[in-house]
Structure formats: C-alpha cells, structure tokens
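Listed below, chain by chain, are the residues.
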Amino acid sequence: MRKELDKTLEIARKEILEVETLHDLMQLKSRFVGKKSVLNNFMKKIGSLPKEGRPAFGQIVNQAKNQLAEIISNREIEIKERDYKKNLQANALDITMPGRHREQGSLHPITKVWREIEDTFISMGFEVAEGFDIEDEFHNFDALNTPQDHPARDLSDTFYIENDVLLRTQTSTVQIRTMENHKPPIKIIAPGRCYRNDNDASHSPAFHQMEALVIDEDVSFADLKDILNIFVKKMFGSEIESRIRPHFFPFTEPSAEIDIVCVNCGGKGCNVCKNQGWLEMGGAGMVDPNVLETLGIDSEKYSGYAFGLGIDRVAMLKYKIPDMRLLFENDLRFLKQFSK
Ligand code: DAH
C-alpha cells in the first residue's frame with residue numbers, strides 16, 4: 001500500500017506542476033485531496049492493515065495530503081500571477097505613443113474684423129443696432145432719399161423677392177429703423193449682411209457692411225472726420241494715411257468716400273490699388289435734412305453724420321487679400337492662415 005501511495009503522489013505532483021489553467025487545477029484538487037479523492041480512499045483502506053501499522057500509515061497519508069495541498073496552492077498562486085501579468089501586458093498603456101490629434105477651428109477673418117470694428121466703436125460710446133436682411137423699398141430706398149429712377153433700385157443691382165420686398169442692399173436701412181424708434185441723441189453702429197447682384201474680385205453678392213449713425217445738436221463734418229481718423233489708425237496703425245474724397249449718396253449732403261493708402265504698395269501704385277495708390281473703404285456724409293424730416297426729426301435743431309464701411313473690404317486691406325471671393329470659398333488652406 002505504501003508503494004501505491006508513493007506512486008499516486010508522484011503522479012499527482014507531476015500533473016499539478018504541469019497543469020496550465022485554474023479550472024484544471026481545481027479538478028486535480030478534488031481528484032487528489034477532496035472528499036472523494038484518491039488520498040481519502042487510502043484512509044478508508046487503512047482498516048485492512050495490521051493494527052500496529054495503522055497510526056503510522058494514517059500519519060503518512062495525512063502528511064501526503066498536506067503536501068499535495070501546499071503544492072496545489074503554490075501552483076494556484078503561480079497561475080494567478082502569470083494570468084495577471086499576461087493581462088497587464090495585453091492591456092498595456094504605451095505612454096510614449098503620440099496622442100490623437102484634434103483639428104482646431106478658428107475664427108473667420110471676417111468675424112475677426114467684424115468684432116474688432118465693433119469693439120472699436122463700442123469703446124467710443126456707440127451702441128449696436130440691428131435691422132433685417134429682408135426689407136421693403138421704404139427702408140432701403142424711399143426713406144433714404146433715393147429717387148424712384150435711381151439706378152441702384154434696378155433689378156440688375158437689387159435682389160427683389162417680390163414687389164416691394166427685397167434683400168437689403170445696404171445697412172443704411174438700420175439708420176431709418178433706428179430713427180423710427182428712437183429720438184436723438186442717437187449714436188449707433190449696425191453691422192450686418194447686405195446683398196447685391198455683383199460678383200467679381202472686389203464684389204460678392206452677399207457681403208458685410210457696418211453702418212454708423214450719430215445725431216445730436218451741433219454735430220459737424222469735423223466730428224465725422226475725427227471719428228473716421230481715429231478708427232483708421234486703430235485698425236491699421238498710427239502711421240497709416242487716409243483721406244476723404246467728395247462723392248454722392250442720396251441720403252447724405254455733403255457726401256464723401258473714405259480711402260486709405262494702399263497697404264500693398266504704400267501709395268506708389270500697384271495692381272491691388274489699380275495704380276491709384278489708394279483703396280476705398282466705405283462711404284460717409286452729413287445726414288441729408290430730407291431724411292431727418294421724413295422721420296420727424298427737426299433738422300433745424302439736429303444734425304448728424306453717417307458712414308458705411310465694407311467689413312470685407314477692411315478685412316482685405318488688413319490682411320492683404322487680393323480677391324474677395326477667397327473670403328467666401330471656405331478653403332481651409334486659406335482659412336488656416338488666420339488661425340493665430
Ligand atoms: N450705403 C452706402 C453704400 O452701400 C454706404 C454709405 C455711404 C453709408 C454714405 C452711409 C453714408 O451711411 O453716409 O454704398
């Protein structure tokens with residue numbers, strides 16, 4: 001029986017050391033040391049031994065059981081550690097790997113310039129007013145003193161939606177809407193979209209303007225020149241030269257256009273300024289008394305100035321963009337240059 005026991009132990013040790021999974025190990029455990037195990041069978045057979053030999057053999061079987069139990073528990077620890085390491089390796093985090101890159105968007109150059117212009121005037125006490133993109137002839141033309149036969153009303157310039165309903169061609173409409181609802185003193189700016197049937201390197205069918213209107217007692221042309229001067233220097237630097245040049249607009253008298261020295265050639269003349277040395281940025285003037293009277297404002301008591309700047313123009317001048325269409329194509333190669 002002793003030999004048989006030794007043989008069993010040898011087999012058990014070998015199998016336990018070779019087993020690879022916890023599941024198989026547990027099966028070996030019940031086979032060798034559990035209640036119905038081989039070793040328990042040896043205990044049962046003890047009765048068939050001579051009396052004197054029984055205690056010693058019982059002890060040997062018990063020792064063998066303890067030994068096997070220990071080998072099994074050591075093997076269990078080994079297998080668990082091995083599995084743990086394997087798992088760690090499989091899910092390892094390589095902190096030297098480069099991170100995933102996320103594309104970052106940035107403000108459109110028009111938005112940047114729009115905000116910069118707006119901030120400049122807000123800092124000088126202007127309030128921001130809003131109008132509508134879809135307008136009627138009264139606000140876009142009539143109240144702005146524009147005669148019935150003025151070429152700007154023509155279908156080829158203005159997008160009419162139906163009779164008397166159109167897409168505003170200028171933010172000057174907001175002058176009228178403001179005067180309808182507010183009494184002087186008035187000091188507003190109105191940035192927004194405008195629409196005209198025009199499309200070339202310096203015109204887009206949808207474009208952006210910023211209107212300004214100041215009405216109070218004793219407002220003069222000198223005030224207008226002053227504010228434009230401050231604005232131009234703030235936007236383009238204190239060295240920049242600007243000028244105003246006589247012009248005609250139906251709703252201002254006198255009227256002027258605002259130019260700045262060509263940012264490309266510094267005034268020498270180049271293809272950007274069409275050899276003029278100057279670039280046009282918008283229109284301005286003293287509000288025509290007819291406009292004030294149409295809106296019930298006493299033109300003897302009050303006077304005012306107004307101007308309209310092309311926001312896209314200012315962006316082109318500021319960033320030296322040669323073609324307005326670039327601003328509306330949303331080509332990322334172009335837009336990325338303004339991400340700083
Ligand atoms: N609305 C004019 C245009 O679109 C620009 C303009 C000129 C606005 C003179 C004004 C102004 O307020 O006084 O061409």
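Within any chain, residue numbers begin from 1 and follow the written order of that chain's sequence. Only residues with pLDDT of 70 or above have their local features reported here, since the model is predicted, and side-chain atom pairs are shown and tallied only from 80 upward, although totals for entire chains, interfaces and linings are computed over all residues. The side-chain quantities take in all heavy atoms of the structure and omit both hydrogens and water.

J.: Talk me through the site of the ligand; I want residue IDs and the actual numbers.
T.: Taken together, 15 residues lie near the ligand, and Gln170, Ser172, Arg196, Gln209 and Glu211 sit nearest. Pairs of N or O atoms within 3.5 Å make up the polar contacts considered here, provided that, within protein, one atom can donate a hydrogen while the other can accept it, and that residues adjacent in sequence are counted only when both atoms are side-chain atoms. Glutamine 175 is positioned with one of its side-chain polar atoms (N or O) 3.1 Å from an oxygen atom of the ligand. Side-chain polar atom of glutamine 209 to an oxygen atom of the ligand: 2.8 Å apart, as the coordinates give it. Burial of the ligand by the protein amounts to 92% of the accessible area it has alone, namely 350 Å². Nearness of a residue to a molecule or strand requires only that one of the residue's heavy atoms be within 4 Å of it. Throughout, the Shrake-Rupley method with a 1.4 Å probe supplies accessible areas, and for residues the shown protein chains are the sole cover considered.

J.: Residue-level account of helix α5 (residues 109-122), with values.
T.: Numbering of helices and strands runs from the N terminus, with a helix taken as a DSSP run of H or I at least four residues long and a strand as a DSSP run of E at least two residues long. Here a helix's expected span is defined as the number of its residues, less one, multiplied by 1.5 Å. If you check α5, its first and last C-alpha atoms are 20 Å apart, about what 14 residues at 1.5 Å a residue would give, namely 20 Å. Under the scheme applied here, a residue whose accessible area is under 20% of the maximum for its type counts as buried, over 50% as exposed, and between as partly exposed, the area being computed with a 1.4 Å probe on protein chains only. Considered for burial, the residues of α5 that qualify are Pro109, Ile110, Val113, Ile117, Glu118, Thr120 and Phe121. Taken down its axis, α5 places every buried residue within 160° of arc, on the same side. Directions drawn from the helix axis to the C-beta atoms are what define this arc.

J.: For the pattern of salt bridges, give the residues involved together with the corresponding values.
T.: Between Lys or Arg on one side and Asp or Glu on the other, a salt bridge is scored when a side-chain nitrogen of the former is within 4 Å of a carboxyl oxygen of the latter. Using the criterion set out here, one finds 19 salt bridges in the structure. A salt bridge links glutamate 137 to arginine 153; the nearest nitrogen and oxygen atoms lie 3.9 Å apart. Taken as a pair, glutamate 137 in helix α6 (residues 137-140) and arginine 153 in the loop between α6 and β3 (160-162) lie far apart in primary sequence, 16 residues in all. Neither glutamate 137 nor arginine 153 differs from the other in exposure class; each is buried. In this structure, aspartate 259 engages arginine 245 in a salt bridge whose closest nitrogen and oxygen atoms are separated by 2.7 Å. Of this pair, aspartate 259 sits in strand β8 (residues 252-261) while arginine 245 sits in strand β7 (residues 242-249), and the two are 14 residues apart along the sequence. Among the residues examined, aspartate 259 registers a relative accessible area of 2% and is labelled buried. Owing to a relative accessible area of 25%, arginine 245 belongs among the partly exposed residues under this scheme.

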